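Structural characterization, general
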Amino acid sequence: DAGVTQSPTHLIKTRGQQVTLRCSPKSGHDTVSWYQQALGQGPQFIFQYYEEEERQRGNFPDRFSGHQFPNYSSELNVNALLLGDSALYLCASSLRRGVNTGELFFGEGSRLTVL
Amino acid sequence: QQPVQSPQAVILREGEDAVINCSSSKALYSVHWYRQKHGEAPVFLMILLKGGEQKGHDKISASFNEKKQQSSLYLTASQLSYSGTYFCGTERPGANNLFFGTGTRLTVIP
């Protein structure tokens, strides 16, 4: 049973560019959450997708956007990259049960470096 | 909404015990605990729901005091494999998302 897979694992961009990160959730999971983890910090919640809609959003600007496809996979897009966007981007999948969160399964992450 | 964890870092010798605390300023529905080893993804340890329950996982257990909006993770007879950064994730009622603390780096030495 494949776990959560993310791509690419590493990438380097320059300021002002745009980036797309991809995530395939664990088999059977229908909810995808994205987190940004700066070096030495805890994961910061960006947003969550369920049934192809953004359901929850953290304190991130509109430059961060996403999408969920019918097969539950998801993309995170970041426009107009800033140096401060350099971080590990984690995708976490879960099975939605009611109104509260169950166990999250994390991918290995995509490490973005903005120069 | 980010919970506060303490201590920020702790070093233990094998066999020693440790307690990691997590505190929130908001009313909570649940507290989740995860461990992340260097260069790896966070891995789920346990969920505690409101009701003051205590859970255990091998020699790692946790408690949740919903009235104080606090949770503690207890590691007993620590092993080298316990090394890593521990994060608590807190969830408000009906929120369906987690906010993680800044983490506690635990190092177990022989």
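Residues numbered from 1 in each chain as written. Chains lettered and ligands numbered in written order. Predicted model: local features only at pLDDT ≥ 70, side-chain atom pairs only at ≥ 80, totals over all residues. Heavy atoms only, no water.

**Concerning the sheet that holds strand β8 (residues 74-78) of chain A**
Residues and elements named next belong to chain A. The four strands lie next to each other as β1-β3-β8-β7, forming an open sheet whose pairing is antiparallel. Of all the strands in the sheet, just β1 (5-7) and β7 (64-68) have a single pairing partner and so form its edges. Pairs of neighbouring strands in the sheet enclose a mean axial angle of 15 degrees, with direction left out of account. Relative to β8, β7 is paired through five bridges, and the arrangement is antiparallel. Within β8, the position partnered with phenylalanine 64 by the bridge is valine 78. (Pairing = 2+ DSSP bridges. Helix = DSSP H or I, 4+ residues; strand = E, 2+ residues; numbered from the N terminus. Axes fitted to C-alpha atoms, helices over the stretch in contact; angles between N-to-C directions.)

**Observations regarding the pattern of salt bridges**
Residues and elements named next belong to chain A. Following the criterion strictly, the structure yields four salt bridges over all chains and no others. Residues arginine 63 and aspartate 85 are paired through a salt bridge, measuring 2.9 Å at the closest nitrogen-oxygen approach. Placement of arginine 63 in the loop between β6 (53-57) and β7 and of aspartate 85 in the loop between β8 and β9 (87-94) is noted, with a sequence separation of 22 residues between them. (Salt bridge = Lys/Arg side-chain N within 4 Å of Asp/Glu carboxyl O.)

**Things to note about the state of the cysteines**
Under the criterion given, the structure shown has two disulfides over all chains. With its sulfur 1.8 Å from that of its partner, Cys23(A) forms a disulfide with Cys91(A). Residues Cys23(A) and Cys91(A) are joined through a disulfide that is left-handed, its torsion about the S-S bond being -60 degrees. Here Cys23(A), found in strand β3 (residues 19-24), pairs with Cys91(A), found in strand β9; they are 68 residues apart in sequence, far enough to count as distant. We note that Cys23(A), like Cys91(A), is buried. Here Cys22(B) is linked by a disulfide to Cys88(B), with a sulfur-sulfur distance of 2.1 Å. Residues Cys22(B) and Cys88(B) are joined through a disulfide that is right-handed, its torsion about the S-S bond being 70 degrees. Residue Cys22(B) is located in strand β3 (residues 18-23), and its partner Cys88(B) is located in strand β9 (residues 84-91); the two are separated by 66 residues in the primary sequence. (Disulfide = S-S within 2.5 Å. Buried < 20%, exposed > 50% of the residue type's maximum accessible area, 1.4 Å probe, protein only.)

**Overview of the packing of aromatic side chains**
Tallied over the entire structure, the rule returns 10 aromatic pairs over all chains. Ring centres 5.4 Å apart and planes at 75 degrees place the aromatic pair Tyr35(A) and Phe100(B) in the edge-to-face group. Of the two residues, Tyr35(A) sits in strand β4 (residues 31-37) while Phe100(B) sits in strand β10 (residues 99-100), which places them in two different chains. Comparing Tyr35(A) with Phe100(B), the two get one shared label, buried. The ring of Phe105(A) carries Lys26(A) above its face, with NZ or CZ at 5.1 Å from the centroid. (Phe/Tyr/Trp six-rings, centres within 6.5 Å; stacked < 30°, edge-to-face > 60°. Lys NZ or Arg CZ within 6 Å of the ring centre and 35° of its normal.)

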